[in-house]
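An overview of the molecular structure
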Amino acid sequence: MIYFAILVAMILVIIIQTNIYKKYSFEKLEYKISLSTDEVFEDEEIYMYEEIRNNKFLPLPFVKVDTELPEGLSFHIAEKDEKTGIITTSHPRVISSLFVLRGKQIIRRRWRVCCDVRGVYHLGNVSILADNVFGSNQLSKVIEADEKNGCTLVVLPKAVMLEKHFAPSKYTNGEFLVHSSLLSDPLLKAGVREYSTGDPMNRINWTQTAAHNRLMVNLEEYSNRQAFNIIMNMQARDIEKTIPGPPSGKVPVELCVTVAASILDAVSGENIPVRFISNTNTQDKRELQDENEAEVHVADRIFVSEEFRGKISMISALRMLSQLELYISVPIEKMLDDIVANPYMYVSGGNIVFISSYLSERMINFCYNMRRMGITVIFYITTSQNALIIPSDIEVHFKTHIEE
């Protein structure tokens, strides 16, 4: 009889504590994070500070916390083998932790976070699993990032040395090497040199040609006054299966963003106006496009940025690139046709740096059409997908390697 009474008492205790933990486990349980900085460049690391606070007297004998980072970020975990002394590193996106959380206790932790891919990230997502003393009633709760427990991190695209990672097409035969600039000014002459295959015909100096009895071309100074435009193609290949939609390959398009950031970084110290144009659009425009597909004009599907000029403005340009979503709003051919039909609505007379994952015949024709209007186009290509014939009178920079 005594044993039966003890058994009944134990069952009652289990039922009571189970109900108590079921009702109060997550009550007054707070979770929040903070960052060492809210803006950083790609491939840099920051610290994330995590705080779990139990504001009630009821202890939690078993707590499992799964801290999750968005795709594009990762933890930097270094572990040392006590026997060998070798330190190994790993980069998971989710870390699971087990601990006991006493009443009125605060647990603070610091994590190293690697910023692998540019973008705007909302951090603070966590999954918490709690259990009672007997381990008989597991309860879980997912906390989404918000203003109370989360924070926002902006990862700016990094810049690379374009001269190191890209080779102009006219250098590939190894016959000669000259210093070129994105912003050479045909009105400022630095001298002349002998013509070589691949030089544009409009740089030939006919007076010096007659004097030397051989073709001579002008060497142009670099200008800090000439505006230019960056056109970036969101398509990873010439034919995409789904438009509008994401590109079929993210890596070559992300390299295009890196090239754009590198160009902006190169001119940030000069007072040069730059505008960014791409066959993508914002979320608001996309919703409008989805609702009124037949009524939306091509121009409304094209992203045209404000004009950026100077160092302070270039930071705004990098922030714009960090927020740029890989999304194709209109085929590149339609965008180029609209630019040719309305050139000064887009480029305002400035020259063009065209960044793309591939080079097509349509892009080459676009280059010639713009040249007739006095607008020079040069290309930066991030893959080996190219037209069968690349004319020698257009300037194309091909990727050699991009990794540091």
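Our subject in this report is the structure included herewith. (Residues numbered from 1 in each chain as written. Predicted model: local features only at pLDDT ≥ 70, side-chain atom pairs only at ≥ 80, totals over all residues. Heavy atoms only, no water.)

Considerations on the sheet that holds strand E13 (residues 151-156)
Note the threshold: Note on pairing: two strands pair once DSSP finds at least 2 bridges between them. To qualify as a helix, a DSSP run of H or I must reach at least 4 residues; to qualify as a strand, a run of E must reach at least 2; elements of each kind are numbered from the N terminus. Axis geometry follows a simple rule: fit a line to the C-alpha atoms, using only the stretch in contact for helices, then measure angles between N-to-C directions, giving values from 0 to 180 degrees. Only heavy atoms matter for contacts: two residues are in contact if any of them lie within 4.5 Å across the pair.
Strand order in this open sheet of three strands is E2-E13-E10, and the pairing throughout is mixed. Edge positions in the sheet fall to strand E2 (39-41) and strand E10 (119-123), since each has one partner strand and no second. Recorded for the sheet is a direction-independent mean angle of 25° between the axes of neighbouring strands. The pairing of E10 with E13 spans five bridges and is classified as antiparallel. What sits directly across from leucine 123, in E13, is cysteine 151. Contacts from helix H6 (residues 310-323) reach E2, E10 and E13, with the element oriented near 110° to E13.

Let's talk about a nonpolar patch on the surface
This is how the line gets drawn: Every patch collects residues that have over 30% relative accessible area and no salt bridge, joining them within 9 Å if they carry like charges and within 5 Å if they are nonpolar side chains (Val, Leu, Ile, Met, Phe, Trp, Tyr). Accessible areas in this description were obtained via Shrake-Rupley with a 1.4 Å probe; residue shielding takes into account the shown protein chains only. The salt bridge definition used is simple: a Lys or Arg side-chain nitrogen within 4 Å of an Asp or Glu carboxyl oxygen. Residue burial is assigned from relative accessible area. The probe radius is 1.4 Å, only protein chains are included, and a residue is buried under 20% of its type maximum, exposed over 50%, and partly exposed in between.
A contiguous nonpolar surface patch, about 430 Å² in accessible area, is contributed by Leu12, Ile15, Ile16, Ile20 and Tyr24. By secondary structure assignment, the location of isoleucine 20 is in helix H1 (residues 2-24). Isoleucine 20 sits in the partly exposed class, given a relative accessible area of 35%.

Points about the nonpolar core
So the rule is basically this: Within this scheme, the nonpolar core is defined by two criteria: the residues are buried Ala, Val, Leu, Ile, Met, Phe, Trp, Tyr or Cys, and they are joined through side-chain atoms within 4.5 Å.
Residues Ile230, Met232, Phe276, Leu321 and Ile355 are the most contacted members of the largest nonpolar core, which totals 36 residues. For this core, the secondary structure elements donating two or more residues are E13, strand E17 (228-232), helix H4 (250-266), strand E18 (274-278), H6, strand E20 (351-359) and strand E21 (377-386). Sorting elements by how many residues they give to this core places H4 first, with eight residues. Setting aside residues up to four positions removed in sequence, methionine 232 forms contacts with Val253, Cys256, Val257, Phe276, Ile277, Ser278, Asn279, Leu324 and Ile355. Counting 34 residues, the second largest nonpolar core, distinct from the first, contains Val40, Ile46, Val113 and Ile128.

Some points on the packing of aromatic side chains
We count it as follows: Under the pairing criterion, centres of Phe, Tyr and Trp rings, with the six-membered ring standing for Trp, must be within 6.5 Å; the plane angle then separates stacked pairs below 30 degrees from edge-to-face pairs above 60, leaving the rest tilted. Only lysine NZ and arginine CZ atoms are considered, and such an atom sits over a ring when it is within 6 Å of the ring centre and within 35 degrees of the ring normal.
Per the stated rule, a full pass over the model turns up five aromatic pairs. For the pair phenylalanine 166 and tyrosine 380, a centre-to-centre distance of 5.3 Å together with 70° between the ring planes defines the contact as edge-to-face. One end of the pair, phenylalanine 166, is in strand E14 (residues 166-168); the other, tyrosine 380, is in strand E21, and 214 residues separate them in sequence. For phenylalanine 166, a relative accessible area of 4% corresponds to the buried category. What makes tyrosine 380 buried here is its relative accessible area of 5%. Among the aromatic residues, ring-to-ring pairing joins Phe354, Phe366 and Phe379 into one connected group. The cationic tip of lysine 104 hangs over the ring face of phenylalanine 57; the distance from NZ or CZ to the ring centre is 5.1 Å.

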